[in-house]
Amino acid sequence: MRDRRLLLVHAHPDDETIVTGATMAKYAAEGAEVTLVTCTLGEEGEVIPEELAHLAGDREGGLGEYRVKELAKACQALGVRDHRFLGGAGRYRDSGMMGAPANDDPACFWQADLETAAHELAMIIREVRPEVVVSYDDNGGYGHPDHIQAHRVAKRAFGKAAERALPGSPWQTRKLYAVAHPRAVLAESVARLRTDPGPFTPPASIADITPGTPDELVTTRVDASGQWAAKLLAMRAHATQITVAGGLFALSNDIAQEIDAVEYFTLLRGPVPRRGPEGYETDLFA
């Protein structure tokens, strides 16, 4: 099999596992080179376990430093050996949710100079030489400032890397994807969770989980069911942020979600996808 290289750009530790963990594990298990770039340490995350409450607000002990260790364990579970922080660990601080005072911190990712951050990412892209880059849509999936900024940086870096590609070069970054959450799939999941939310609070609607992606915009479905257990282990590694119970999980809002190893994407840049009988392409490298 030819060398395949996949690079993912995520905002905080745990994002990689929740929305792309199974996909990362699948391609890593198949021998692809998978690189994860995380943009912040997640210092503003809400800590769930009481025994780790002293970490909240990045106070004593350092939530950011603790989440770096969680991320390392998650990467190990997923089989991802190449992980980097954008600009180096701690270069950009977690911005918190939209409208939070942390948004105004000049050190936060939301306040980062786009060209500078994109240059830092483009340098990684040129080194790694991925065929495929994955990040978020222009709303960051659900409006978090760091997710929106990760989209902007990934999109700009994708273009900057292409500008430097040599004519006739055997390598080029061909495709840019955003993580997607098809609304029809979410609706089916919410219906199941309202019947059996486990120990968590049932979602009233898909909006309790994420706004979702219009179904017609979703281009790609990656079935990584064989890596469901790896994703589960990686989610357990992010114990400050995620509570796992059986096949379900919840974030700090305690709303039930299903752990799914079938993950979806929207092609933002690249050749027209070759859709199969179910209406999706099934391989990010297709």
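No experiment lies behind these values; they were computed from the predicted model shown. (Residues numbered from 1 in each chain as written. Predicted model: local features only at pLDDT ≥ 70, side-chain atom pairs only at ≥ 80, totals over all residues. Heavy atoms only, no water.)

Through backbone hydrogen bonds, the strands of a sheet pair up, either in parallel or in antiparallel fashion. Pairing within the open sheet is antiparallel, and its three strands lie in the order E7-E8-E9. Of all the strands in the sheet, just strand E7 (243-245) and strand E9 (257-258) have a single pairing partner and so form its edges. Bridging between E7 and strand E8 (residues 248-250) involves three bridges; their strand directions are antiparallel. Paired with Thr243 across the two strands is Ala250, which belongs to E8. (Pairing = 2+ DSSP bridges. Helix = DSSP H or I, 4+ residues; strand = E, 2+ residues; numbered from the N terminus.)

Attention now goes to the nonpolar core. By size, the foremost hydrophobic cluster in this structure holds 36 residues, and its most contacted members are Leu6, Tyr27, Val134 and Leu284. When contributions to this core are tallied by element, the ones reaching two or more residues are strand E1 (5-10), helix H1 (15-29), strand E2 (33-38), helix H2 (63-78), strand E4 (132-135), strand E5 (175-180), helix H6 (228-237) and strand E10 (262-269). The dominant element in this core, judged by the number of residues it contributes, is H1, at six residues. Sequence-distant contacts of Leu284, defined by excluding residues within four places in its chain, comprise Leu6, Thr23, Tyr27, Val132, Val134, Lys175, Tyr177, Thr220, Val222 and Phe265. Of all hydrophobic cores here, the second largest spans 25 residues; its members include Leu86, Ile125, Val128 and Phe158. (Core = buried A, V, L, I, M, F, W, Y, C linked by side-chain atoms within 4.5 Å. Buried < 20%, exposed > 50% of the residue type's maximum accessible area, 1.4 Å probe, protein only. Contact = heavy atoms within 4.5 Å.)

On to the sheet that holds E4, then. One open sheet holds the seven strands; their spatial order is E3-E2-E1-E4-E5-E10-E6, and the pairing between them is mixed. Unpaired on one side and paired on the other, strand E3 (82-85) and strand E6 (220-223) mark the two borders of the sheet. With direction set aside, neighbouring strand axes in the sheet form an average angle of 25°. Direction of pairing for E4 relative to E5: parallel, over a ladder of four bridges. Bridge pairing in E5 places Val134 opposite Tyr177. (Axes fitted to C-alpha atoms, helices over the stretch in contact; angles between N-to-C directions.)

Here we come to the UniProt feature "binding site: Zn(2+)" (unreviewed entry) in the protein chain. Within this structure's numbering, the places UniProt gives as "binding site: Zn(2+)" (unreviewed entry) are His12, Asp15 and His147. In terms of the greatest pairwise C-alpha distance, the residues named above, spread along 136 residues, form a tight cluster of at most 9.5 Å across. Mapped onto the secondary structure, His12 falls in the loop between E1 and H1. Taking relative accessible area as the criterion, His12 reaches 5% and is therefore assigned buried. One polar contact links His12 to Asp94, side chain to side chain, over a distance of 3.4 Å. Topologically, Asp15 is positioned in helix H1. Every residue in contact with Asp15, bar those within four places of it in the chain, is listed here: His10, Thr20, Tyr136 and His147. (UniProt positions renumbered as here; feature names shortened; annotations may be inferred. Polar contact = N/O pair within 3.5 Å; in protein donor to acceptor, adjacent residues only side chain to side chain.)

Another point: the environment of Ile242. Here Ile242 shows up in the loop between H6 and E7. A relative accessible area of 5% means that Ile242 is categorised as buried. Put simply, Ile242 and Asp14 are 228 residues apart on the chain and 8.3 Å apart in space, counted from C-alpha to C-alpha.

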